[in-house]
Amino acid sequence: METSIPASEPTSCSKEDSQVCCLEDTGGAEAVQVADWESPQDDRPQDEPVCCNPENSGQLMALYEGPARGYQVPPFGWRICLAHEFAEKRKPFNANSISLSNMIKLVGMGFRYFQWWYQKTRVEKKTPFIDMLNSVPLRQIYGCPLGGIGGGTITRGWRGQFCRWQLNPGMYQHQTVIADQFTVCLRREGQTVYQQVLSLERPSVLHSWNWGLCGFFAFYHALYPRAWTVYKLPGQNVTLTCRQITPILPHDYQDSSLPVGVFVWDVENEGDEALDVSIMFSMRNGLGGRDDAPGGLWNEPFCLERDGETVQGLLLHHPTLPNPYTMAVAARLTADTTVTHITAFDPDSTGQQVWQDLLQDGQLDSPAGRSAPSQKGVGIAGAVCVAAKLPPRGRCCLEFSLAWDMPRIVFGAKGQVHYRRYTRFFGKDGEAAPALSHYALCRYADWEEKISAWQSPILEDRSLPAWYKSALFNELYFLADGGTVWLEVPEDSLMEELEEGMRQLRPVLREYGRFGYLEGQEYRMYNTYDVHFYASFALVMLWPKLELSLQYDMALATLREDLTRRRYLMSGLIAPVKRRNVIPHDIGDPDDEPWLRVNAYVIHDTADWKDLNLKFVLQVYRDYCLTGDQGFLRDMWPVCLAVMESEMKFDKDNDGLIENGGYADQTYDGWVATGPSAYCGGLWLAAVAVMVQMATLCEAQDIQEKFSSILSRGKEAYERLLWNGRYYNYDSSSQPQSRSIMSDQCAGQWFLRACGLGEGDTEVFPTPHVVRALQTIFEFNVQAFAGGAMGAVNGMQPHGVPDTSSVQSDEVWVGVVYGLAATMIQEGLTSEGFRTAEGCYRTVWERLGLAFQTPEAYCQQQVFRSLAYMRPLSIWAMQLALQQQQCKKASRPVVEQNTGLNTGPKSGPKEAMANLSPE
């Protein structure tokens, strides 16, 4: 075939030369130049807002040259021009980031860690749960992940690349697969006039394809769980809007588990000529790595017609053990569309066959039958194409889905077999990919209605800043993309647990399954409990049954022990893995056998940590207050008694206040605390206070009196030993850092307020002291740090210099800052709360390019630590605080439209309130 088509983009893309369109020879097509095309003009009225409000995106849209706003793209979210480049390039935290004084303190730990790392990687051939020697490098590319909760995730970058994969449970591959692309083909009067891969890449493979999209005329907009990419096609009077949808639906425990994503392409013809438009979705079978190398991968077409709806596509079978799967690339066939495919092509070749096939008539050849299995070392890919006719000034809609079916999984130890949650609805036989595709393409409109009903009340609230609306929803990515697993619990696995007397354990785990998410994509431990303390607000507010399931699992692990002895890296001491009646640090490593073997964390012996037991008690009562589930409270009551009894030994002088042990014995595991401390002491008093409340609810008068006595003594000691007139000292030691201003010193009050306690008759910390401490934190840790533009530093010395006494005291922890902001809102310092949290959002999402990989920490300069971390989900505590504030102003109970939660009565929960989703 001979056809002349104009170039999709210039060879060198810039704003100045964007009118020149020349095309490389793509296998016989003559290159021509478009001489009569002018740069598109913005013809909107002068008073109409531009495509991107600077309040939403900072400088991220400064390079955008197009007039297109896209089809039904919302005004709020995270928006970025595809041509944007982040100026600041930080490095992961490493040994070179540590000061000499701190390095000396950590020499022993470093030596022991290297020995442990060598044994793990070189001898056992396993991946360390934290690999300090091989941090994930900075890639400022990530966008909204695809996939529901617990079925695996695939992240699509903001420039369109498929670049982060979590198919094997909890294990990540950070790899851009070049063949995974969308390509557009436009035809007028029977001739192809434009064909372009919608990618800025210029790869060394598939070089017959037309790469190098000009990013100045395209932008990406994320409002999780949806995202939009808008392309203004130069010279064509055509705008493409790709809408990406994932079924993340609060209070939904079925569709939210599905391993699917939908891409809806709205194509707008702004010209006066009719045209034919085709979108091709190509996908490699596998990622091109060692899992593909043995060969044996194969593709086949499928067509599923059900309930009057037809879906066609390709199945990409990837039978590699231990976790085989099938990927489905599919499209919806309607009366106005044509669906075609190519079953197999080599993704490492020039790609000329596929390109010419599409170029010839805007369709693919659609061969019948399955492909031959791939040969060893040879890749295989396929593609699906949807075509439609587009009248002048018209719009058409082309719908694709991506689904993956990995129903049966084993973790790294390759011991127990588990089945994912979605198999309850789609079967365990590994043949669900066509049904998943059909279901997604037929149900996504319903999903979008539910998403809008959930998000609209917040998005339409004019009292909330735009950045907050983006942060609140986009930070939720981690609930699905935190290495998350959601597993079915077999009936025969519950017999032992039932002996513990938890009456609701069987119905909760059987009905809602077992949930786990990582501390971070680089800190590979499931349900790290000291961090979940912060992140749990998102789970209990949006999927409360999963929070209760997690709590039951944690309670079961608490009552067990593992007396296997091992060496701990910080101290060098040998101690058991897990002791009875103490909360475990985590539920296990996905490269081992989580739930069976807990406490993958080997830095400290956390049996002596001061915060874990207290955080369990506080979360149990918080969960009860927000769900109204009395059966859950009664099941947890004996466990709360057991862990508080274990905690009592840390009050060595019987003054009602626990003491830290002179090492980093809490979530700040690199920041030493000695004696009574603001953080752990505050958590202790808050936990004692809720024990008083729970004892009353459980009609345990003697226990209520016991804890009331402890609380009375502890409050006096806390104020006497730690309050200095402006804030609570970091600890009560004689060290210089003991007077540091800790940003997290009010964590206990934060949780009390979330439970409707902490004031009036239930006051624990004097309200004037709490407010003064928060004001001091805002003055020093926020405003005096980095010009007030980076959130709150963990520790600040009283003379206004960050505390550098540890490797963590001069960091900013994003999740801690969001929790601090929630505390400020609870205490009436709403403006200060928003300004504090805004610094983190703008630093992470707009300055450092860490969208959809929010780190645990960053310093004022140069480094970040632990990308894609659990703790920032604590931003949902801000939302809870705002809702409770609204209820308080109204002076009456309010059913919250957007959470479905009781917002915290002062003396125990009222009835559980209506669910968020309109069920």
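Residues numbered from 1 in each chain as written. Predicted model: local features only at pLDDT ≥ 70, side-chain atom pairs only at ≥ 80, totals over all residues. Heavy atoms only, no water.

It is worth spelling out the overall build of the chain at this point. When helices and strands are tallied, the chain shows 21 helices and 34 strands. Evaluated residue by residue, the chain yields a buried proportion of 65% over its 919 residues. In the form shown here, the chain has an accessible surface area of approximately 31,800 Å², with 49% of it arising from carbon and sulfur atoms. (Helix = DSSP H or I, 4+ residues; strand = E, 2+ residues; numbered from the N terminus. Buried < 20%, exposed > 50% of the residue type's maximum accessible area, 1.4 Å probe, protein only. Areas by Shrake-Rupley, 256 points an atom, 1.4 Å probe, with all protein chains shown as cover.)

Take the sheet that holds strand 4 (residues 91–92) next. Strand order in the open sheet formed by four strands is 4-34-33-32, and the pairing between neighbours is mixed. The open sheet has two edge strands, strand 4 and strand 32 (812–813), and neither has a second partner. Two strands pair when backbone bridges link them, and strand 32 and strand 33 (residues 857–858) are joined in this way by two bridges, in the antiparallel orientation. Among the inter-strand pairings, Trp813 is bridged to a residue of strand 33, identified as Ala857. (Pairing = 2+ DSSP bridges.)

What follows covers the pairing of strand 19 (residues 337–345). The buried fraction of strand 19 is high, at seven of nine residues. Here strand 19 pairs with strand 20 (residues 381–390) via seven bridges, running antiparallel. Bridge pairing in strand 20 places Thr340 opposite Cys385.

Time to look at the nonpolar core. The biggest cluster of nonpolar side chains holds 286 residues, and the ones touching the most others in it are Trp78, Trp265, Leu402, Phe616 and Trp876. Taken domain by domain, this core gets at least three of its residues from each of domain 1 (145–453) and domain 2 (489–889). Beyond its immediate stretch of four places on either side in the chain, Leu402 contacts Leu146, Ile154, Phe162, Pro259, Val260, Gly261, Phe263, Phe281, Met283, Met327, Ala328 and Val329. Residues Ala179, Leu206, Leu358 and Ala383 belong to the second largest nonpolar core, which totals 17 residues. (Core = buried A, V, L, I, M, F, W, Y, C linked by side-chain atoms within 4.5 Å. Domains from an automatic or database assignment. Contact = heavy atoms within 4.5 Å.)

Right, let's get into the layout of surface pockets. It is the rolling of a water-molecule-sized probe over the atoms that shows where space remains empty. Counted as a void, the largest pocket has a volume near 1,300 Å³. Shared between two domains, the lining of the largest pocket holds at least three residues of each, these being domain 1 (145–453) and domain 2 (489–889). Taken as a whole, the second largest pocket holds about 890 Å³ of empty space. In terms of lining residues, the second largest pocket is bounded by 42 residues, among which Phe93, Ile98, Met109, Met132 and Tyr523 are the most central. Of all the secondary structure elements, the ones that give two or more residues to the lining of the second largest pocket are helix 3 (107–123), helix 11 (529–542) and strand 34 (863–865). Along the lines of polarity and charge, the residues of the lining of the second largest pocket split into 24 nonpolar, nine polar and nine charged. (1 Å grid on protein atoms, 1.4 Å probe; cavity = no way out; pocket = protein on both sides within 12 Å on 5 of 7 lines; lining within 4 Å. Points joined across faces, edges and corners; volume = space filled by probe spheres on them. Nonpolar A, V, L, I, M, F, W, Y, C, P; charged D, E, K, R; others polar.)

With that settled, consider a nonpolar patch on the surface. A surface patch of nonpolar side chains, amounting to about 480 Å² of accessible area, comprises Phe114, Tyr118, Val123, Met132 and Leu133. Among the secondary structure elements, Val123 is positioned in helix 3. (Patch = residues over 30% accessible without salt bridge, like charges linked within 9 Å, V, L, I, M, F, W, Y side chains within 5 Å. Salt bridge = Lys/Arg side-chain N within 4 Å of Asp/Glu carboxyl O.)

Turning next to unusual backbone geometry. The linkage connecting Tyr224 with the following residue, Pro225, adopts the cis geometry, with an omega of 15°. For Pro225, the location among the structural elements is in the loop between strand 11 (218–223) and strand 12 (226–233). With omega at 10°, the peptide bond leading from Leu321 into Pro322 counts as cis. Of note, Leu206 is a non-glycine position whose phi angle comes to about 50°, a positive value. Mapping Leu206 onto the fold places it in the loop between strand 10 (191–197) and strand 11. You will see that Ser866, though not glycine, has its phi angle at about 60°, which is positive. In this fold, Ser866 is placed in the loop between strand 34 and helix 21 (875–890). Residue Ser866 is classed as buried on the basis of its relative accessible area, which comes to 4%.

Right, let's get into the packing of aromatic side chains. All chains considered together, the criterion is met by 59 aromatic pairs. Measuring from ring centre to ring centre gives 5.7 Å for Phe263 and Phe281, while their planes differ by 75°; the resulting arrangement is edge-to-face. Here Phe263, found in strand 14 (residues 260–269), pairs with Phe281, found in strand 15 (residues 275–284); they are 18 residues apart in sequence, far enough to count as distant. Judged by relative accessible area, Phe263 falls into the buried class, the value being 0%. For the pair Tyr601 and Trp609, a centre-to-centre distance of 5.6 Å together with 65° between the ring planes defines the contact as edge-to-face. Judged by its relative accessible area of 2%, Trp609 falls in the buried class. Pairwise contacts between aromatic rings join Trp78, Tyr220, Trp467, Tyr468, Tyr477, Phe478, Phe515, Tyr517, Phe834, Tyr841, Trp845 and Phe852 into one cluster. Positioned above the aromatic ring of Tyr419, the side-chain terminus of Lys428 is 4.6 Å from the ring centre. Positioned over the ring face of Tyr534 is Arg871, at 4.8 Å from the centre of the ring. (Phe/Tyr/Trp six-rings, centres within 6.5 Å; stacked < 30°, edge-to-face > 60°. Lys NZ or Arg CZ within 6 Å of the ring centre and 35° of its normal.)

A few words now on helix 13 (residues 612–627). Given a rise of 1.5 Å per residue, 16 residues ought to cover 22 Å, and the 22 Å separating the end C-alpha atoms of helix 13 matches this to within 8%. For helix 13, the tally of buried residues reaches 16 of 16 residues, placing the bulk of the element in the interior. Where helix 13 terminates, the next one or two residues include Gly628, which has phi positive at roughly 70°. (Expected span 1.5 Å × (residues − 1).)

This part takes up the pattern of salt bridges. Summed over all chains, the structure comprises 43 salt bridges. Salt-bridge contacts for Glu88 lead to Arg847; the nearest nitrogen and oxygen are separated by 2.6 Å. Here Glu88 is found in the loop between strand 3 (78–81) and strand 4, whereas its partner Arg847 is found in helix 20 (residues 830–847), with 759 residues between them in sequence. Judged by relative accessible area, Glu88 falls into the partly exposed class, the value being 22%. Arg847 gets classed as partly exposed once you look at its relative accessible area, which sits at 32%.

The next point concerns the packing of helix 15 (residues 678–697) against helix 17 (residues 747–754). The interhelical angle for the contact between helix 15 and helix 17, taken along N-to-C directions, is 25°, at an axis separation of 7 Å. One way to sum up the angle between helix 15 and helix 17 is to call them roughly parallel. Between helix 15, through Tyr679, Gly682, Leu683, Ala686, Ala689 and Val690, and helix 17, the contact on the second element is made entirely by Ala747, Gly748 and Leu752. Partitioning the contact of helix 15 with helix 17 into residue classes produces seven nonpolar, two polar and no charged. (Axes fitted to C-alpha atoms, helices over the stretch in contact; angles between N-to-C directions. Parallel < 35°, antiparallel > 145°, perpendicular 65-115°, else oblique.)

Turning to the confidence of the model for the chain, a few remarks are in order. Considering every residue of the chain, the mean pLDDT works out to 91; 90% of them sit at 70 or more. Across residues 903–919, confidence stays below pLDDT 50; counting only partners more than four residues off in sequence or on other chains, it has 49 contacts. (pLDDT = per-residue confidence, 0-100.)

Relative to the helices and strands, Asp336 is located in the loop between strand 18 (325–333) and strand 19. Classification of Asp336 by relative accessible area gives exposed; the value is 63%. Along the chain, Asp336 and Ala388 lie 52 residues apart, while their C-alpha atoms are 6.1 Å from each other.

On to the sheet that holds strand 7 (residues 162–166). Strand order in the open sheet formed by four strands is 5-6-7-8, and the pairing between neighbours is antiparallel. Each end of this open sheet is capped by a strand with a single partner; those strands are strand 5 (145–146) and strand 8 (173–174). Here four bridges tie strand 6 (residues 153–156) to strand 7, and the two strands are oriented antiparallel to one another. Each bridged residue has a counterpart across the sheet, and for Arg156 the counterpart in strand 7 is Phe162.

Secondary-structure assignment places Glu719 in helix 16 (residues 701–722). Each C-alpha atom, one on Glu719 and one on His769, is 9.3 Å from the other, the two residues being 50 residues apart in sequence. With residues up to four places along the chain from it excluded, the contact list for Glu719 reads Tyr728, Phe765, Pro766 and His769. Polar contacts involving the side chain of Glu719 include one to the side chain of Tyr728, which spans 2.6 Å. (Polar contact = N/O pair within 3.5 Å; in protein donor to acceptor, adjacent residues only side chain to side chain.)

Within the fold, Val378 resides in the loop between helix 4 (352–361) and strand 20. Classification of Val378 as partly exposed rests on a relative accessible area of 40%. Between the C-alpha atom of Val378 and that of Leu297, which follows or precedes it by 81 residues, the distance is 9.6 Å.

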